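# Fold and geometry: a report
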Amino acid sequence: MRGILSCWIKQAQRVELFKKNQCSQHALHVKFNITTGDVVLGDDEYNHLQIDVVSIYLLYLVQMITSGLQIIYTQDEVAFVQNLVYYVERAYRTPDYGIWERGSKANDGTPEVHASSIGMAKAALEAINGCNLFGDKGASWSVIYVDIDAHNRNRSIFETMLPRESSSKEIDATLLTTISYPAFATHEDDLYAATKQNIINKLRGRYGFKRYSRDGYKTVLENKNKRYYNRGEIKNFENIECEWPIFYIFMIIDGVFRSLPEQIVEYQELLKPLIFTDQNGDPFISKCFYVPEENVVKEKAKPGSTNRQPYAEPGLYLWNQAIFILAQLLTEGLLHVNELDPIRRYLPSYNRPRKAGRYSAFQGTATDLVVQIVLIAESMRLQAMMATYGIQTQTPHEVEPVQIWSSTQLVKVYEHLGVNHKLNLQGRPVRPIGSLGTSKIYRICGSTVLCYPLIFEVSDFYLYRDMELLIDDVKTELQFVGRYWRLSGRPTVCLLMKEEHMRDPQFKKMLDLLAMLKKGYCEGIKVRIGRLQNLISSSCVEHLDFTNILDVDFSEESAHQFKQLEHDYIGYQSLTDIHTVSHCNEELLDYSHFAKKPTCDIIAELQKTTNIYIQCQLYGFLLKNESKLYKVGDATVEERLQQIYYQAGCVKHWAAVRYTSSLLRHNVYSISPFITAVLVHGKQLTVGVVGQTETVFDKPMTPAEIQSVMYTTVQPHDVIQAVLQQEVILYCGRLISTDPELFRGILKIRIGWVLEAIKLYLQFSGSKKQLEDNSPYELRKLLLKVLSINEWATKEKLTTYQRRQLEGCLCRVPKHFYNDVWDVITRTPHGIRVMGNLIPQQPTLSNMTKSEITFSLLVEEMLNHIQKPAYRQLVVELLSIVSTILCRNPELSFNQPLDLEQLVKDAATTYCNDFNISDVKISYLFDINYTQSMGYLARAVVNNILNGQQKDLSVENDLCHVQ
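In what follows, the accompanying structure is described. A quick note: this is a predicted structure, and the numbers were derived from the prediction, not measured. Note on numbering: residues in each chain are counted from 1, in written sequence order. Note on the predicted model: pLDDT of at least 70 is required for a residue's local features to be given, and 80 or more for side-chain atom pairs to be given and counted; whole-chain, interface and lining totals, by contrast, use all residues. As a convention, hydrogens and water are excluded, and side-chain values are obtained from all of the structure's heavy atoms.

### Brief notes about the environment of Cys131
Here a strand is any run of E in DSSP of at least two residues, a helix any run of H or I of at least four, and the numbering for each starts at the N terminus. Following the sequence through the fold, Cys131 ends up in the loop between helix 5 (115–128) and helix 6 (148–161). Between the C-alpha atoms of Cys131 and Pro95, which are 36 residues apart in sequence, the distance is 28 Å.

### Quick word on the sheet that holds strand 24 (residues 898–899)
With mixed pairing, the three strands of this open sheet are ordered in space as 23-22-24. If you trace the sheet from one side to the other, it starts and ends with strand 23 (837–839) and strand 24, each paired once. Strands are labelled as partners when DSSP assigns at least two bridges between them. Alignment of strand 22 (residues 832–834) against strand 23, held across three bridges, turns out to be antiparallel. Bridged to Arg833 within strand 23 is Leu838.

### Section: empty space enclosed by the protein
A 1.4 Å probe that fits into a set of points on a 1 Å grid over the protein atoms alone but cannot get out defines a cavity; an open set with protein on both sides within 12 Å along at least five of seven lines defines a pocket, and lining residues are those with an atom within 4 Å of a point. Grid points are joined across faces, edges and corners, and a volume is the space filled by probe spheres set on the points. In total, this model carries six cavities of 30 Å³ or more according to the counting rule given. In this structure, the largest cavity encloses a volume near 1100 Å³. Around the largest cavity sit 48 residues that line it, and Ser435, Leu454, Pro673, Phe674 and Arg734 are the ones nearest its centre. Amino acids are sorted into nonpolar (Ala, Val, Leu, Ile, Met, Phe, Trp, Tyr, Cys and Pro), charged (Asp, Glu, Lys and Arg) and polar (every other residue, Gly among them). Here the lining of the largest cavity is composed, by residue class, of 22 nonpolar, 11 polar and 15 charged. Taken together, 14 residues line the second largest cavity, and the ones lying closest to its centre are Val146, Asp147, Tyr414, Arg428 and Ile433. Looking at the lining of the second largest cavity element by element, the count peaks at three residues for helix 4 (residues 75–89). Across the lining of the second largest cavity, the residue classes tally to eight nonpolar, two polar and four charged.

### As for the environment of Gln479
Of note, Gln479 is situated in helix 16 (residues 467–484). As a C-alpha pair, Gln479 and Gly524 span 45 residues in sequence and 8.3 Å in three-dimensional space. Any two residues whose heavy atoms approach within 4.5 Å at even a single point are treated as in contact. With near-sequence residues (within four places) excluded, Gln479 lies in contact with Cys522, Glu523 and Ile525.

### Here's the deal with the layout of surface pockets
Empty space left among the atoms is revealed by rolling a probe the size of a water molecule over them. Approximately 1800 Å³ is the volume attributed to the second largest pocket. Together, 47 residues line the second largest pocket, and Gln50, Val53, Ile99, Glu101 and Trp319 are the ones closest to its centre. If you list the elements that add at least two residues to the lining of the second largest pocket, you get helix 1 (2–9), helix 3 (51–66) and helix 12 (318–331).

### Things to note about the sheet that holds strand 21 (residues 748–750)
Strand pairing in a sheet takes place through backbone hydrogen bonds and is either antiparallel or parallel in direction. Pairing is mixed in the open sheet, where three strands are placed in the order 20-19-21. Two strands in the sheet have a free side with no partner beyond their single neighbour: strand 20 (695–697) and strand 21. Looking at each pair of strands side by side, their axes are set apart by 25° on average, direction ignored. Direction of pairing for strand 19 (residues 684–687) relative to strand 20: antiparallel, over a ladder of three bridges. Counterpart to Thr686 in the pairing with strand 20 is Val696. Angles here are taken between N-to-C directions and fall from 0 to 180 degrees, while the axes themselves are lines fitted to C-alpha atoms, restricted in helices to the stretch in contact.

### Notes on unusual backbone geometry
Generally, phi is negative for residues other than glycine and the peptide bonds are trans, each holding for most cases. Backbone torsion omega between Leu162 and Pro163 reads 5°, so that peptide bond is classified as cis. Looking at where Pro163 falls in the secondary structure, it is placed in the loop between helix 6 and helix 7 (175–179). With an omega of 10°, the peptide bond running from Glu400 to Pro401 counts as cis. Note on placement: Pro401 falls in the loop between helix 14 (380–388) and strand 8 (403–406). One non-glycine residue with positive phi stands out, namely Phe184, at about 45°.

### Observations regarding the nonpolar core
With 104 residues, the main nonpolar core has Tyr181 and Phe209 as its most contacted residues. Top contributing element to this core by residue count: helix 9 (residues 246–257), with 10 residues. With residues near it in sequence (within four places) discarded, Tyr181 still touches Tyr60, Leu176, Phe250, Ile253, Phe257, Ile323, Leu326 and Leu340. By nonpolar core is meant a set of buried Ala, Val, Leu, Ile, Met, Phe, Trp, Tyr and Cys residues that side-chain atoms within 4.5 Å join together. Think of it in three bands: with a 1.4 Å probe and only protein chains considered, a residue is buried below 20% of the maximum accessible area for its type, exposed above 50%, and partly exposed in between. Counting 87 residues, the second largest nonpolar core, distinct from the first, contains Leu685, Ala722, Ile749 and Leu760.

### Description of the pattern of salt bridges
By convention in these notes, a salt bridge is any Lys or Arg side-chain nitrogen within 4 Å of a carboxyl oxygen on Asp or Glu. Evaluated as defined, the whole model comprises 48 salt bridges. Across the pair Asp823 and Lys850 runs a salt bridge whose closest N-O atoms are separated by 2.9 Å. Here Asp823, found in helix 32 (residues 817–826), pairs with Lys850, found in the loop between helix 33 (844–847) and helix 34 (853–863); they are 27 residues apart in sequence, far enough to count as distant. You can call Asp823 partly exposed: its relative accessible area is 30%. For Lys850, a relative accessible area of 31% gives the class partly exposed. Through salt bridges with shared partners, a single network forms among Glu16, Lys19 and Lys20.

### Here's the deal with the side chain of Arg872
Tracing the chain through its elements places Arg872 in helix 35 (residues 869–888). Classification of Arg872 as buried rests on a relative accessible area of 1%. When neighbours within four sequence positions are excluded, Arg872 is seen to be in contact with Gly808, Cys811, Arg812, Val813, Glu860, Leu863, Asn864 and Ile866.

### Description of the pairing of strand 11 (residues 441–444)
Successive residues of a regular strand alternate their side chains across the two faces of the sheet. As paired elements, strand 11 and strand 12 (residues 447–452) share four bridges and run antiparallel to each other. Of the residues in strand 12, the one forming a bridge with Arg443 is Thr448. As consecutive antiparallel partners, strand 11 and strand 12 are separated by two residues, and within that stretch Cys445 has a phi angle of approximately 50°, a positive value.

What follows is the structure, encoded as structure tokens:
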């Protein structure tokens, strides 16, 4: 363990770079010269980005220290280990090469987000949080701290991905090591059982488990001289993948930890014929078993029918031997599970031994968890006004000596954690503190600190101006904390009441929320409002003892604790002015005809109009024609836009707020995690105006990259959508984390088309309000409405055409749709065509497998060329029908390319002939009910297959299920 540590410490600069940019160029090497400790391969020779390696090291560091071993000796080493924690904290968003060092299944050098890597990171973070690296005799500066929100993101994404391993690997045997020994990364019984059974069903063989399907490693067909495979080459390895007996051994160990005697006996019997003896009579197990060349054809034709041979290479395969010895010791009763797992990872966290000490630790969740709430009023007069409504609050002065901080102040403190000048390590990266982190009470340099959550932070972006959105965010915050709290002590959430809240027209709704919280519940979560001094004893308290040894003065933090609340743009009038704010009902006039007029004409028009929305547009034209520093009167264009932004916000003119926000190039604060949340749920995002080029977000991006895309892809075509689309991304990121079912069937969330769906819904519901003039909260509700269309479409009497339009905009497809398209391609030698785009049968079937997300994205790309949403949805229905017909008639296939457009035209023609309609239009199919349209589409399909031969069809009722 110390040897590995010393090798890695030599690469400290790579760790520092990796914290800022998680890429293979900065990743730690994991193969060393055993004598010198130097790396043995260059960056271009080996894909060494394996998050699981660093994670398993951290996990076993804790296991060994807990058992009584001393491994860490110096403060430099402590700082380095703390930085290794930062290294793995972002596993949930870091594509890596996984345990097998090959990345995607295609072995072409492409990294992927792997569930096994994320699970290992989650386990490591849980284990090392609050661990003293010097053991029981450790000092305050040898404690390791973990960002519990980063841990929670890893947990959430890991459990979301299961039982899948990655985009290309539907299942992987290495997940056994993640859900069971040694990581025990999930204690959700359903996830554990589903993943284990999936592995057994799809990967188990007579000689062990395959690593994953189409794995060419060590097969006789693999070219050992090539680093990567050729495109489509993995098809050659189907059904002849090597089988690895080590996974039999892992199943034996799993049986011991899970007390499953039948499983132990079953896999011991399977392992017996695979155990050989060496010249000394000692048992050994081969690395893997392969299909010899002479049996390849037979094995491919009938998997499991031929005998395999052990793979021979010099020396022992040490991983096999190590795990085999552990299994033997466990099953013979010579080793107890608690000796193999001193920190009791195999038990749910609430059943593990309690950690004593000053530092927070994962201790599971109490069945009666209560979320504590402290109400802080920013001034005494606000406190007095709140009291008149029966709401008791405390001011910052009243909670002294406890200090109220923003989370950004806490970030500055954490920047000093892990700093080491000798190793040139700069400490914690500047990452926001999330909802769980701000629910602790902190002891910092003798002071006690409570932080208010991010939702109360003021930013340039306009969302904080919407009281209803804030109310909804407070509910979401309390729900989130109550659902995911896993630390000892209760969470304590600080709700910050500001004077500007009192002047908001929606203030009564905030009072209603606070009244509900006083009753002790928030939508099913138990809450308790109280005075901070009374709640501290039951709170989760984190001692940031590392600050005591720093040569840093944190008094400045407390001195300016409420400076950020003194908003220059909020005029503190008498509170008798409350509720005077009203929504602006200005007409949204389009002044785009001024875009090409000379500057003098634009300025003349500005002097004449008082309409805020017109002013926004005119200043936007000046910004484009001149510059932001161009002066109009005594102020620059940029200053004028800032003034309008403030003025529009005061009167809740949301269209004008959004227009000026876009012109000022505002970015949603901390938008990156919301994009990442969508991506790691197996989805992609696109941004762009309908009818224009879209930009795909298929990997995590920095805020600067996101801003660049928004203001180059979206703003030139639609000014307001540059910020509207950011809003929708934010809402999608929140919703997919709390209610992923809303996005079922949607693989690519096309933000421009989602906004189109909302526009259509407003039109169908008879709303006179334009999309951009809805408040942020109203927009969030509209998004939720269109995403949940299946729940209300029938009740609200949507026509079939309207429903197809909405579903087509959302790009939603039925369950198993992509698998159905795969089945269709296997029966269409000349491929599938629509809108001039073709998915060929080959090399598609060779390059990909049925359940790969990459294949689903290929189908999605084909469908996205269809610009009419109802037409797109009709084509989705058509493909489902084709699959059903081919499934029921295995003798049928297509002799020509499957031309989906032609089939839709044929169906429309048949419909028009049946009703004697002379003018044939495809749109006639859009509004007939599903059963009827399926019938006509099915007739077109069968007629195409039979090349005009007539066949009696009774398909209408039979095909109803494809809806």
